[in-house]
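Close look at the chain arrangement
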Amino acid sequence: MSSTKSLRIGMIGFGPFAQFLAKTMIRQGHIITATSRSDYTHLCSQLGISFFRDASAFLESGNDVILLTTSILSLSQVIKALPLESLKQPTLFVDVLSVKEHPRDLMLQVLPHDSDVLCTHPMFGPESGKDGWKDLPLMFDKVRIRNEAACSDFLQVFATEGCKMMEMSCEEHDEFSARSQFLTHTVGRVLAEMEVEPTPIDTKGFQKLVQVKESTSRDSFDLFSGLFVHNRFAQQQLRNLELALASIKQRLESRSEELEQS
Ligand code: NAP
(Lines give C-alpha, C1' and ligand atoms only; values in the text may rest on other atoms or scores of the structure.)
Protein backbone atom coordinates (compact mmCIF):
# COMPACT_ATOMS: atom_id res chain seq x y z
CA MET A 1 0.00 0.00 0.00
CA SER A 2 1.34 3.46 -0.87
CA SER A 3 0.36 6.50 1.17
CA THR A 4 -1.98 9.22 -0.08
CA LYS A 5 -1.39 12.98 -0.18
CA SER A 6 -3.76 14.82 2.15
CA LEU A 7 -6.57 16.35 0.08
CA ARG A 8 -9.45 18.70 0.87
CA ILE A 9 -12.47 16.77 -0.37
CA GLY A 10 -15.89 18.48 -0.44
CA MET A 11 -18.94 16.22 -0.66
CA ILE A 12 -22.25 17.33 -2.17
CA GLY A 13 -24.93 15.05 -0.68
CA PHE A 14 -24.20 13.50 2.70
CA GLY A 15 -26.43 10.41 2.56
CA PRO A 16 -25.48 6.82 3.47
CA PHE A 17 -22.87 6.34 0.73
CA ALA A 18 -21.11 9.67 1.35
CA GLN A 19 -20.93 8.89 5.08
CA PHE A 20 -19.44 5.48 4.29
CA LEU A 21 -16.77 6.98 1.97
CA ALA A 22 -16.00 9.83 4.38
CA LYS A 23 -14.98 7.46 7.18
CA THR A 24 -12.21 5.85 5.10
CA MET A 25 -11.09 9.21 3.67
CA ILE A 26 -10.79 10.67 7.17
CA ARG A 27 -8.81 7.64 8.32
CA GLN A 28 -6.44 8.26 5.39
CA GLY A 29 -5.87 11.83 6.63
CA HIS A 30 -7.97 13.80 4.15
CA ILE A 31 -9.92 16.88 5.22
CA ILE A 32 -13.62 16.49 4.46
CA THR A 33 -16.25 19.18 4.07
CA ALA A 34 -19.88 18.55 3.13
CA THR A 35 -23.13 20.16 2.08
CA SER A 36 -26.50 18.47 1.59
CA ARG A 37 -30.22 19.11 1.27
CA SER A 38 -30.78 17.96 4.88
CA ASP A 39 -28.92 19.35 7.87
CA TYR A 40 -26.05 17.04 8.90
CA THR A 41 -24.34 19.56 11.19
CA HIS A 42 -24.53 17.32 14.25
CA LEU A 43 -23.35 14.10 12.57
CA CYS A 44 -20.58 15.96 10.76
CA SER A 45 -19.28 17.59 13.93
CA GLN A 46 -19.06 14.10 15.51
CA LEU A 47 -17.02 12.90 12.51
CA GLY A 48 -14.77 15.99 12.40
CA ILE A 49 -16.27 17.27 9.14
CA SER A 50 -17.17 20.92 8.42
CA PHE A 51 -20.79 20.99 7.28
CA PHE A 52 -22.03 23.95 5.21
CA ARG A 53 -25.72 24.76 4.94
CA ASP A 54 -24.81 27.43 2.40
CA ALA A 55 -23.60 26.12 -0.98
CA SER A 56 -21.65 29.34 -1.78
CA ALA A 57 -19.67 29.08 1.45
CA PHE A 58 -19.04 25.40 0.67
CA LEU A 59 -17.68 26.20 -2.82
CA GLU A 60 -15.62 29.11 -1.49
CA SER A 61 -13.97 26.87 1.11
CA GLY A 62 -11.20 25.88 -1.34
CA ASN A 63 -11.60 22.12 -1.86
CA ASP A 64 -9.07 20.26 -4.04
CA VAL A 65 -11.80 17.85 -5.11
CA ILE A 66 -15.58 18.20 -5.18
CA LEU A 67 -17.29 14.85 -4.92
CA LEU A 68 -20.85 14.54 -6.17
CA THR A 69 -22.46 11.97 -3.86
CA THR A 70 -26.10 12.89 -4.32
CA SER A 71 -28.80 10.52 -5.63
CA ILE A 72 -28.93 9.74 -9.34
CA LEU A 73 -32.40 11.25 -9.66
CA SER A 74 -31.45 14.54 -7.95
CA LEU A 75 -28.11 15.21 -9.67
CA SER A 76 -29.50 17.39 -12.45
CA GLN A 77 -31.36 19.65 -10.03
CA VAL A 78 -28.47 19.73 -7.52
CA ILE A 79 -25.71 20.53 -10.02
CA LYS A 80 -27.74 23.20 -11.84
CA ALA A 81 -28.49 24.95 -8.54
CA LEU A 82 -24.79 25.23 -7.56
CA PRO A 83 -23.54 28.84 -7.35
CA LEU A 84 -20.45 27.89 -9.41
CA GLU A 85 -19.26 31.51 -9.57
CA SER A 86 -18.20 30.98 -5.94
CA LEU A 87 -15.44 28.54 -6.98
CA LYS A 88 -12.09 30.16 -6.27
CA GLN A 89 -9.92 27.98 -8.49
CA PRO A 90 -10.11 25.33 -11.23
CA THR A 91 -11.30 22.25 -9.35
CA LEU A 92 -11.48 18.52 -9.96
CA PHE A 93 -15.12 17.35 -9.93
CA VAL A 94 -15.70 13.65 -9.35
CA ASP A 95 -18.99 11.79 -9.22
CA VAL A 96 -19.71 8.38 -7.68
CA LEU A 97 -23.15 7.74 -9.19
CA SER A 98 -24.13 4.16 -10.05
CA VAL A 99 -24.81 5.21 -13.65
CA LYS A 100 -22.16 6.98 -15.68
CA GLU A 101 -23.26 8.55 -18.97
CA HIS A 102 -25.82 10.74 -17.21
CA PRO A 103 -23.45 12.46 -14.72
CA ARG A 104 -20.74 12.72 -17.41
CA ASP A 105 -23.11 14.59 -19.74
CA LEU A 106 -24.42 16.84 -16.96
CA MET A 107 -20.95 17.70 -15.65
CA LEU A 108 -19.68 18.56 -19.15
CA GLN A 109 -22.76 20.68 -19.77
CA VAL A 110 -22.89 22.59 -16.47
CA LEU A 111 -19.42 22.84 -14.90
CA PRO A 112 -16.93 25.61 -15.77
CA HIS A 113 -14.65 24.67 -18.68
CA ASP A 114 -11.56 24.97 -16.50
CA SER A 115 -12.86 22.28 -14.10
CA ASP A 116 -11.56 18.75 -14.56
CA VAL A 117 -14.10 15.90 -14.66
CA LEU A 118 -13.54 12.36 -13.40
CA CYS A 119 -16.39 9.83 -13.43
CA THR A 120 -16.12 6.97 -10.95
CA HIS A 121 -18.24 4.15 -9.63
CA PRO A 122 -17.10 2.31 -6.54
CA MET A 123 -18.71 -1.10 -7.17
CA PHE A 124 -19.40 -1.61 -3.47
CA GLY A 125 -21.27 -0.02 -0.62
CA PRO A 126 -21.66 0.14 3.17
CA GLU A 127 -22.52 -3.57 3.33
CA SER A 128 -20.09 -5.16 0.86
CA GLY A 129 -17.29 -2.77 1.86
CA LYS A 130 -17.76 -2.91 5.61
CA ASP A 131 -14.68 -5.09 6.17
CA GLY A 132 -12.45 -3.07 3.83
CA TRP A 133 -12.24 -2.30 0.12
CA LYS A 134 -9.50 -4.79 -0.83
CA ASP A 135 -10.08 -6.34 -4.29
CA LEU A 136 -13.39 -4.49 -4.72
CA PRO A 137 -13.65 -2.79 -8.14
CA LEU A 138 -13.42 0.97 -8.62
CA MET A 139 -14.49 1.90 -12.14
CA PHE A 140 -13.23 5.25 -13.47
CA ASP A 141 -13.23 7.31 -16.66
CA LYS A 142 -10.93 10.35 -16.99
CA VAL A 143 -13.47 12.39 -18.92
CA ARG A 144 -11.69 15.80 -18.90
CA ILE A 145 -8.42 15.74 -17.01
CA ARG A 146 -5.69 18.34 -17.46
CA ASN A 147 -4.29 18.20 -13.94
CA GLU A 148 -3.14 14.56 -14.00
CA ALA A 149 -1.46 14.87 -10.60
CA ALA A 150 -4.67 15.94 -8.83
CA CYS A 151 -6.63 13.16 -10.54
CA SER A 152 -4.05 10.57 -9.60
CA ASP A 153 -3.94 11.83 -5.97
CA PHE A 154 -7.70 11.31 -5.76
CA LEU A 155 -7.66 7.84 -7.33
CA GLN A 156 -5.00 6.93 -4.80
CA VAL A 157 -7.73 7.05 -2.11
CA PHE A 158 -9.09 3.81 -3.61
CA ALA A 159 -5.82 2.29 -4.84
CA THR A 160 -4.35 2.59 -1.33
CA GLU A 161 -7.21 0.51 0.07
CA GLY A 162 -6.44 -2.24 -2.46
CA CYS A 163 -9.37 -1.62 -4.81
CA LYS A 164 -9.24 -3.20 -8.26
CA MET A 165 -8.78 -0.07 -10.43
CA MET A 166 -10.86 -0.53 -13.61
CA GLU A 167 -10.53 2.21 -16.25
CA MET A 168 -13.30 2.08 -18.86
CA SER A 169 -15.64 4.43 -20.69
CA CYS A 170 -18.90 5.57 -19.11
CA GLU A 171 -20.75 3.87 -21.96
CA GLU A 172 -19.05 0.51 -21.34
CA HIS A 173 -19.80 0.84 -17.64
CA ASP A 174 -23.50 1.45 -18.24
CA GLU A 175 -23.75 -1.50 -20.60
CA PHE A 176 -22.03 -3.85 -18.13
CA SER A 177 -23.87 -2.57 -15.09
CA ALA A 178 -27.31 -2.88 -16.74
CA ARG A 179 -26.46 -6.57 -17.25
CA SER A 180 -25.10 -7.03 -13.72
CA GLN A 181 -26.06 -4.47 -11.06
CA PHE A 182 -29.46 -3.46 -12.48
CA LEU A 183 -30.39 -7.12 -13.00
CA THR A 184 -29.33 -7.99 -9.43
CA HIS A 185 -31.36 -5.11 -7.98
CA THR A 186 -34.40 -5.97 -10.12
CA VAL A 187 -34.34 -9.63 -9.07
CA GLY A 188 -33.85 -8.53 -5.44
CA ARG A 189 -36.84 -6.17 -5.65
CA VAL A 190 -38.97 -8.91 -7.27
CA LEU A 191 -38.06 -11.28 -4.41
CA ALA A 192 -38.97 -8.55 -1.89
CA GLU A 193 -42.29 -7.98 -3.69
CA MET A 194 -42.94 -11.75 -3.33
CA GLU A 195 -42.15 -11.40 0.40
CA VAL A 196 -39.56 -14.17 0.14
CA GLU A 197 -38.44 -15.23 3.65
CA PRO A 198 -36.11 -17.93 5.03
CA THR A 199 -37.75 -21.34 5.71
CA PRO A 200 -36.60 -24.06 8.15
CA ILE A 201 -35.26 -26.16 5.23
CA ASP A 202 -33.38 -23.56 3.16
CA THR A 203 -30.93 -24.80 0.55
CA LYS A 204 -27.64 -22.90 0.08
CA GLY A 205 -29.02 -21.54 -3.19
CA PHE A 206 -32.11 -20.16 -1.50
CA GLN A 207 -30.02 -18.58 1.27
CA LYS A 208 -28.14 -16.69 -1.48
CA LEU A 209 -31.46 -15.50 -2.95
CA VAL A 210 -32.56 -14.19 0.46
CA GLN A 211 -29.22 -12.39 0.73
CA VAL A 212 -29.80 -10.74 -2.66
CA LYS A 213 -33.27 -9.64 -1.54
CA GLU A 214 -31.92 -8.21 1.71
CA SER A 215 -28.86 -6.44 0.34
CA THR A 216 -30.71 -4.80 -2.57
CA SER A 217 -33.64 -3.73 -0.38
CA ARG A 218 -31.24 -1.88 1.92
CA ASP A 219 -30.47 0.65 -0.86
CA SER A 220 -33.02 3.43 -1.37
CA PHE A 221 -35.74 3.06 -3.99
CA ASP A 222 -34.38 6.31 -5.47
CA LEU A 223 -31.09 4.53 -6.13
CA PHE A 224 -32.83 1.57 -7.79
CA SER A 225 -35.04 3.84 -9.92
CA GLY A 226 -31.97 5.81 -10.97
CA LEU A 227 -30.34 2.62 -12.28
CA PHE A 228 -33.30 2.31 -14.64
CA VAL A 229 -34.22 5.89 -15.49
CA HIS A 230 -30.69 7.09 -16.28
CA ASN A 231 -29.12 4.01 -17.85
CA ARG A 232 -30.19 3.67 -21.48
CA PHE A 233 -29.26 -0.05 -21.46
CA ALA A 234 -31.51 -0.99 -18.52
CA GLN A 235 -34.81 -1.05 -20.47
CA GLN A 236 -33.53 -3.90 -22.65
CA GLN A 237 -32.47 -5.91 -19.59
CA LEU A 238 -35.95 -5.53 -18.07
CA ARG A 239 -37.45 -6.77 -21.35
CA ASN A 240 -35.00 -9.71 -21.42
CA LEU A 241 -36.05 -10.66 -17.89
CA GLU A 242 -39.77 -10.52 -18.77
CA LEU A 243 -39.19 -12.55 -21.95
CA ALA A 244 -37.08 -15.12 -20.11
CA LEU A 245 -39.74 -15.57 -17.42
CA ALA A 246 -42.47 -15.94 -20.05
CA SER A 247 -40.35 -18.45 -21.98
CA ILE A 248 -39.59 -20.58 -18.89
CA LYS A 249 -43.28 -20.48 -17.91
CA GLN A 250 -44.25 -21.60 -21.40
CA ARG A 251 -41.79 -24.52 -21.33
CA LEU A 252 -43.05 -25.68 -17.93
CA GLU A 253 -46.70 -25.49 -18.99
CA SER A 254 -45.99 -27.40 -22.22
CA ARG A 255 -44.20 -30.12 -20.24
CA SER A 256 -47.19 -30.37 -17.86
CA GLU A 257 -49.59 -30.74 -20.79
CA GLU A 258 -47.39 -33.42 -22.44
CA LEU A 259 -47.30 -35.43 -19.21
CA GLU A 260 -51.06 -35.14 -18.68
CA GLN A 261 -51.68 -36.48 -22.21
CA SER A 262 -49.24 -39.42 -21.90
P1 NAP B 1 -29.33 7.74 -2.55
O2 NAP B 1 -30.72 7.58 -2.07
O3 NAP B 1 -29.02 7.32 -3.92
O4 NAP B 1 -28.88 9.26 -2.35
C5 NAP B 1 -29.03 9.93 -1.12
C6 NAP B 1 -28.43 11.31 -1.27
O7 NAP B 1 -29.12 12.07 -2.27
C8 NAP B 1 -28.51 12.12 0.01
O9 NAP B 1 -27.32 12.87 0.14
C10 NAP B 1 -29.70 13.05 -0.22
O11 NAP B 1 -29.58 14.27 0.46
C12 NAP B 1 -29.57 13.32 -1.71
N13 NAP B 1 -30.85 13.68 -2.33
C14 NAP B 1 -31.88 12.85 -2.64
N15 NAP B 1 -32.90 13.55 -3.22
C16 NAP B 1 -32.49 14.85 -3.28
C17 NAP B 1 -33.08 16.04 -3.77
N18 NAP B 1 -34.30 16.05 -4.34
N19 NAP B 1 -32.36 17.18 -3.69
C20 NAP B 1 -31.12 17.19 -3.11
N21 NAP B 1 -30.51 16.10 -2.63
C22 NAP B 1 -31.18 14.94 -2.72
O23 NAP B 1 -28.41 6.93 -1.47
P24 NAP B 1 -26.85 6.67 -1.30
O25 NAP B 1 -26.73 5.22 -1.06
O26 NAP B 1 -26.30 7.62 -0.29
O27 NAP B 1 -26.19 6.96 -2.74
C28 NAP B 1 -25.60 8.21 -3.06
C29 NAP B 1 -24.96 8.10 -4.45
O30 NAP B 1 -23.91 7.15 -4.42
C31 NAP B 1 -25.95 7.65 -5.53
O32 NAP B 1 -25.71 8.39 -6.70
C33 NAP B 1 -25.60 6.18 -5.75
O34 NAP B 1 -25.89 5.75 -7.05
C35 NAP B 1 -24.09 6.19 -5.47
N36 NAP B 1 -23.55 4.92 -4.98
C37 NAP B 1 -24.15 4.29 -3.94
C38 NAP B 1 -23.65 3.08 -3.50
C39 NAP B 1 -24.28 2.32 -2.35
O40 NAP B 1 -23.90 1.19 -2.08
N41 NAP B 1 -25.19 2.88 -1.63
C42 NAP B 1 -22.52 2.51 -4.14
C43 NAP B 1 -21.91 3.21 -5.19
C44 NAP B 1 -22.44 4.42 -5.60
P45 NAP B 1 -30.09 14.42 1.98
O46 NAP B 1 -29.53 13.23 2.72
O47 NAP B 1 -29.48 15.71 2.40
O48 NAP B 1 -31.58 14.43 1.96
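Preceding block: the structure.
Everything quoted here is computed from the prediction, not taken from an experiment. Throughout, residues of each chain are indexed from 1 in the direction in which the sequence is written. For a predicted model such as this one, the threshold for reporting local features is a pLDDT of at least 70, and the threshold for listing and counting side-chain atom pairs is 80 or more; totals across whole chains, interfaces and linings nevertheless cover every residue. Hydrogens and water molecules were not included; the side-chain quantities draw on all heavy atoms of the structure.

Side note on the site of the ligand
If a single non-hydrogen atom of a residue is within 4 Å of a molecule or strand, that residue counts as near it. Among the 27 residues in the neighbourhood of the ligand, the closest are listed as Ser-36, Ser-38, Tyr-40, Ser-98 and Ser-220. For this analysis, a polar contact is any N or O atom pair within 3.5 Å, provided that within protein one partner can donate a hydrogen and the other can accept it, and provided that sequence-adjacent residues contribute only side-chain to side-chain pairs. Separating an oxygen atom of the ligand from a side-chain N or O atom of Ser-36 is a distance of 2.6 Å. Where accessible areas are quoted, they stem from the Shrake-Rupley method and a 1.4 Å probe; at the residue level, only the protein chains shown are allowed to cover. Here the ligand loses 88% of its free accessible area of 880 Å² to cover by the protein chains. Secondary structure elements are defined from DSSP: runs of H or I of at least 4 residues count as helices, runs of E of at least 2 residues count as strands, and each element is numbered from the N terminus. If you list the elements that add at least two residues to the shell around the ligand, you get helix H1 (16-27), helix H4 (75-80) and strand S6 (116-122). Gly is put with the polar residues, along with every residue not named as nonpolar or charged; the nonpolar set is Ala, Val, Leu, Ile, Met, Phe, Trp, Tyr, Cys and Pro, and the charged set is Asp, Glu, Lys and Arg. Tallied by class, the residues present in the shell around the ligand amount to 12 nonpolar, 13 polar and 2 charged. Split by domain, the residues of the shell around the ligand number at least three in each of domain 1 (8-168) and domain 2 (172-261). Residue ranges for the domains trace back to a domain assignment, done automatically or taken from a database.

Remarks on unusual backbone geometry
You will see that Asp-135, though not glycine, has its phi angle at about 70°, which is positive. Checked against the element boundaries, Asp-135 lands in the loop between S6 and strand S7 (137-144). A residue is classified by how much of its surface remains accessible, and Asp-135, at 52% relative accessible area, is exposed. Of note in the backbone geometry, Glu-195 takes a positive phi value of approximately 55° without being a glycine. The rule is simple: take the accessible area with a 1.4 Å probe, protein chains only, and divide by the maximum for that residue type; under 20% is buried, over 50% is exposed, in between is partly exposed.

Observations regarding helix H8 (residues 204-218)
Expected helix span is taken as 1.5 Å per residue step, with the number of steps being one fewer than the number of residues. Over its 15 residues, H8 extends 21 Å from the first C-alpha to the last, a length consistent with the 21 Å expected when each residue adds 1.5 Å. Every buried residue of H8 is accounted for by Val-210, Lys-213 and Thr-216. One side of H8 carries all its buried residues, which in axial view fall inside an arc of 140°. When the buried face of H8 is taken as reference, the exposed residues oriented beyond 90 degrees from it are Lys-204, Lys-208, Gln-211 and Arg-218. In this description, contact between two residues means that some pair of their heavy atoms is separated by no more than 4.5 Å. In this structure, the buried residues of H8 make contact with helix H7 (170-193). Starting at the helix axis, one direction is taken to each C-beta atom, and the arc is that of these directions.

Focus: the sheet that holds strand S2 (residues 31-35)
Across the sheet, 8 strands lie side by side as S3-S2-S1-S4-S5-S6-S7-S8; this open sheet has mixed pairing. The open sheet terminates on both sides in strands that have one partner only, identified here as strand S3 (50-51) and strand S8 (164-167). Strands were regarded as paired on the criterion that DSSP finds at least two bridges between them. Where S2 meets S3, 2 bridges bridge the pair, whose relative direction is parallel. Note that in S3 the partner of Ala-34 across the bridge is Phe-51. Together, strand S4 (65-68), strand S5 (92-95), S6 and S7 form the strand contacts of helix H5 (residues 101-110), whose direction differs from that of S6 by roughly 160°. The sheet contacts of helix H6 (residues 148-160) involve strand S1 (8-12), S4, S5, S6, S7 and S8, and relative to S7 the element is tilted by about 170°. Note on method: axes are straight lines fitted to C-alpha atoms, helices fitted across the in-contact stretch only, with angles between N-to-C directions ranging 0 to 180 degrees.

Structural notes on the nonpolar core
In these notes, a set of buried Ala, Val, Leu, Ile, Met, Phe, Trp, Tyr and Cys residues joined through side-chain atoms within 4.5 Å is what counts as a nonpolar core. Residues Met-11, Leu-21, Met-25, Leu-67, Leu-118, Phe-154 and Phe-158 are the most contacted members of the largest nonpolar core, which totals 33 residues. Those elements giving two or more residues to this core turn out to be S1, H1, S2, S4, S5, S7 and H6. Looking at this core element by element, the count peaks at 6 residues for H1.

Limitation: the analysis is restricted to geometry and does not speak to function.
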